[in-house]
Amino acid sequence: MKSLPLSSLTTILLLLLLQLLILTLDLLPTVYCSSFSNSPKPAFHNKNNNHHRPYKLIQVQIIHRHGDRTPITPMMDRDYWQETLPSPDLLSKLSQGTRISLGSERKKEEEGAADHGGGGGGVLLSHAAGGIGPFGKLTKLGLLQMVQLGSRIRDELHQDVDNDEEEEGKDNDNDDDEKRMTRLFTHTDPIHPSKVKIKSTNFPRTIQSVQALLLGLFPLGYDGEIEIDASETDVLIPDPQPRLSVEQVELERELSRRSHIVEREEELEELAGKITDSLHYLIDWEHASGMSWGIGEEKEEEEDNVDRRRNDSDDILNDSSSSSLTTTTATTKTARSRRKWLTFSQLAEVMTCLRVRDKLPESISHEDYKIIASHSAWKWFENLRNDNLARLAMKSFMNLIMETLRDGLDENSKDPVLYIYSCHDSSLIGLMCAFRLEQPAEWPEYGSYLKVELFKAQEEEKDNGEVRVDYYVRFSLNGQVLKSSWGMEREGPNKEEPREMICLKHLSRSIAREHDHPCIIEERTGKNQT
């Protein structure tokens, strides 16, 4: 290489420094790194009459959650949480070789800073989950997690020996389908920055996370610069603030007020109050009380914003509906005025950050933590499993992924073949629901990643000897394949089982039909994919 933004020596020293930083934390990050070392081996067997066909991996999209962070909810001990963050000098070294592209986000940042008197970065002001000060930031532990994730992705996608050499080292009883799966990169066609495209939400923790991931992905450095496109934050999350449509906010309200959800939260109200009281002395209530984020968790300020937007639209609600909303809002305000309260999302995230550092108050048991964390996860999935909400919240991101799959059909193109999206747990959950994937047993921990693989399958037709070419998509979370039910009969006598490998054209047609827009594969390529 002629020149390296991160030289080999600098990279090695930085990796060693990160290891030392984690050791000095006296932490065992098993909660967050267990998915890297102990995750189930991907299941390659396909039961859709395609298991005799050789598969060639031609494109991969990685959607990952950022690494360990400080609480988003402001805490009293700012100095303690500040000490968990990487130093500015380390972050500066980490950013070498990358260039952040903001596009329209820059205008939003400037407007946000102007509206709020400047300072803190516009994106932090436009979304509550961005955090303030040292809160909501990537930690030293999170930085190391992302380096490890980059290294794991490299190991999964990069084949350092010839196919024949690799086959000789395999046991003969390995699954035949796995042997037919190729790696995306080889020692003769290695990974290179020109083959990688990156998008990130415009949050410091996601941008820094993908910069750390690149350190693991390119351990010896690389020539030139890699662009990190942070201009489409609202596309990459299901809960932008404000929401992109009044329809989504109204549906979120409706779904969150379903009787089984209300009853469940009423049952947990006493426990939530007890935990809030136990955390009371740790919370910076002056800055925490007005914060809210998440599907179905928005407070009155968001509702007021939506009401103002609704009044400006042609879709005016009738008087009885407005009266009902006013009554509900007034009741909520009265209840909250009697005591300070944290949302279930806030309770879960604060306890998670405290627990990994062994700072959770003794009055909060592990069982208490699990109940609240499980409820927060359940509520997210319960709402986003609604097909209409999944469409409203994730349609743009889904279309981006589908268009990228379409672009991958042209193997002669110079387009990248590895796409990385640095996002949040809400992004992973939203996509899993939108693509109708199996629900994982665990909440996507820090550093979790959803992988979307595009395979080219070939099979020689028996009647005329012509070769038929099909393309298939496979989803997995942390190495565990997730079946998709898109286009399947989900109920009734003709109910079909979800599939591990789903035909790209079938997936595209099914999504287009339900989303009421042209099929991306047929419309954009003009090709007849079998």
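Each remark here, short or long, concerns the structure printed above.
Right, let's walk through the structure included here. For clarity, every value in this text was computed on a predicted model and none was experimentally measured. (Residues numbered from 1 in each chain as written. Predicted model: local features only at pLDDT ≥ 70, side-chain atom pairs only at ≥ 80, totals over all residues. Heavy atoms only, no water.)

Quick word on the overall build of the protein
Heads up, the condition is: Secondary structure is summarised from DSSP: a helix means a run of H or I of at least four residues, a strand means a run of E of at least two, and numbering begins at the N terminus for each. Summary of the burial criterion: residues with accessible area below 20% of their type's maximum are buried, those above 50% are exposed, and those between are partly exposed, where the area comes from a 1.4 Å probe applied to protein chains only. Any two residues having at least one pair of non-hydrogen atoms within 4.5 Å are treated as being in contact. All accessibility values rest on the Shrake-Rupley procedure with a 1.4 Å probe; residue burial counts only the protein chains present in the view.
A tally of regular secondary structure across the protein gives 22 helices and 11 strands. The proportion of buried residues among the 530 residues of the protein is 51%. In the protein, the proportion of contacts linking residues at least 24 apart, taken out of those at least 6 apart, comes to 83%. When the accessible surface of the protein is totalled, it reaches about 24800 Å², and 47% of it is carbon and sulfur.

Focus: the packing of aromatic side chains
We apply this condition: Aromatic pairs are defined between Phe, Tyr and Trp rings, using the six-membered ring for Trp, whenever the two ring centres lie within 6.5 Å; interplanar angles under 30 degrees are classed as stacked, those over 60 as edge-to-face, and all others as tilted. Whether a charge sits over a ring comes down to the Lys NZ or Arg CZ being within 6 Å of the ring centre and within 35 degrees of the ring normal.
Under the counting rule described, the total for this entry stands at seven aromatic pairs. For the pair Tyr55 and Phe455, a centre-to-centre distance of 6.0 Å together with 75 degrees between the ring planes defines the contact as edge-to-face. Here the residue Tyr55 occupies a position in strand 1 (residues 55-65), and Phe455 occupies one in strand 8 (residues 449-460), the gap between them amounting to 400 residues. Residue Tyr55 is classed as buried on the basis of its relative accessible area, which comes to 2%. What links up through ring pairs into an aromatic cluster is the set Tyr55, Phe455 and Tyr472. Looking at Lys359, its charged tip hangs above the ring of Tyr80, at a distance of 4.4 Å from the centre. In this structure, Arg436 packs its charged tip against the face of Trp486, placed 3.8 Å from the ring centre.

Overview of the side chain of Lys451
Test applied: Identification of polar contacts relies on pairs of N or O atoms within 3.5 Å, with a donor-acceptor requirement for protein atoms, meaning one able to donate a hydrogen and the other able to accept it, and with residues adjacent in sequence counted only if both atoms are side-chain atoms.
Here Lys451 shows up in strand 8. Among the polar contacts listed, one links the side chain of Lys451 to the side chain of Glu156, at a separation of 2.7 Å. What Lys451 contacts, discounting residues up to four positions off in sequence, is Val60, Gln61, Ile62, Glu156, Arg474, Phe475 and Ser476.

Overview of the nonpolar core
What counts, and what does not: What we call a nonpolar core is a set of buried Ala, Val, Leu, Ile, Met, Phe, Trp, Tyr and Cys residues that are connected through their side-chain atoms within 4.5 Å.
Of all hydrophobic cores here, the largest spans 45 residues; its most connected members are Ile63, Phe397 and Phe435. With 10 residues, helix 19 (residues 387-407) is the single largest residue contributor to this core. If we ignore the near neighbours within four places in the chain, the residues touching Ile63 are Phe397, Ile401, Tyr421, Cys423, Leu428, Leu431, Ser448, Tyr449, Leu450 and Val452. Membership of the second largest hydrophobic core comes to 36 residues, among which are Leu94, Ile198, Ala212 and Cys503.

Digging into the pattern of salt bridges
Note on pairing: side chains with opposite charge can pair once their charged atoms come close. What counts is decided by this rule: Here, a salt bridge means any side-chain nitrogen of Lys or Arg that lies within 4 Å of a carboxyl oxygen of Asp or Glu.
Taken as a whole and assessed by the stated rule, the structure comprises 19 salt bridges. For Arg99, the salt bridge goes to Glu227, with nearest N and O atoms at 3.3 Å. One end of the pair, Arg99, is in strand 2 (residues 98-101); the other, Glu227, is in strand 6 (residues 226-229), and 128 residues separate them in sequence. In this structure, Lys199 engages Glu232 in a salt bridge whose closest nitrogen and oxygen atoms are separated by 2.5 Å. Of this pair, Lys199 sits in strand 5 (residues 196-200) while Glu232 sits in the loop between strand 6 and helix 11 (233-236), placing them 33 residues apart in sequence. For Lys199, a relative accessible area of 9% translates into the label buried. You can call Glu232 partly exposed: its relative accessible area is 28%.

Re the packing of helix 17 (residues 344-356) against helix 18 (residues 366-384)
The criterion, for reference: The axes used here are C-alpha line fits, helices contributing only the stretch in contact, and every angle between their N-to-C directions lies in the interval 0 to 180 degrees. Throughout this description, any angle smaller than 35 degrees is read as roughly parallel, any larger than 145 degrees as roughly antiparallel, any in the 65 to 115 degree range as roughly perpendicular, and the remainder as oblique. Two helices cross in a left-handed way if the nearer one is turned anticlockwise from the farther one by less than a right angle. They cross in a right-handed way if the turn is clockwise.
The geometry of helix 17 relative to helix 18 is characterised by a closest axis approach of 9 Å and an angle of 135 degrees between their N-to-C directions. As summarised for this structure, helix 17 and helix 18 are arranged oblique, according to the angle between their axes. The handedness of the crossing between helix 17 and helix 18 comes out as left-handed. Judged by residue contacts, Phe344, Ser345, Leu347, Ala348, Met351, Thr352 and Arg355 of helix 17 engage His366, Tyr369, Ile372, Ala373, His375, Ser376 and Trp380 from helix 18.

Overview of the packing of helix 19 against helix 20 (residues 425-434)
Between helix 19 and helix 20, the shortest axis-to-axis distance is 9 Å and the interhelical angle comes to 90 degrees. Accordingly, the angle class assigned to the pair helix 19 and helix 20 is roughly perpendicular. Across the interface between the two elements, Ala390, Met394, Phe397, Met398 and Ile401 of helix 19 pack against Ser427, Gly430, Leu431 and Ala434 of helix 20.

Quick look at the pairing of strand 7 (residues 418-423)
Applied cut-off: When DSSP finds two or more bridges between a pair of strands, those strands are recorded as paired.
For strand 7, the tally of buried residues reaches six of six residues, placing the bulk of the element in the interior. Of the two faces of strand 7, both are covered, the one formed by Leu418, Ile420 and Ser422 as well as the one formed by Tyr419, Tyr421 and Cys423. Summarising the sheet, strand 1 and strand 7 pair through six bridges and their orientation is parallel. Across the sheet, residue Ile62 finds its bridge partner in strand 7, namely Ile420. For strand 5 and strand 7, the ladder comprises five bridges, and the chain directions are parallel. Residue Val196 lies in a different strand from strand 7, and its bridge partner there is Leu418.

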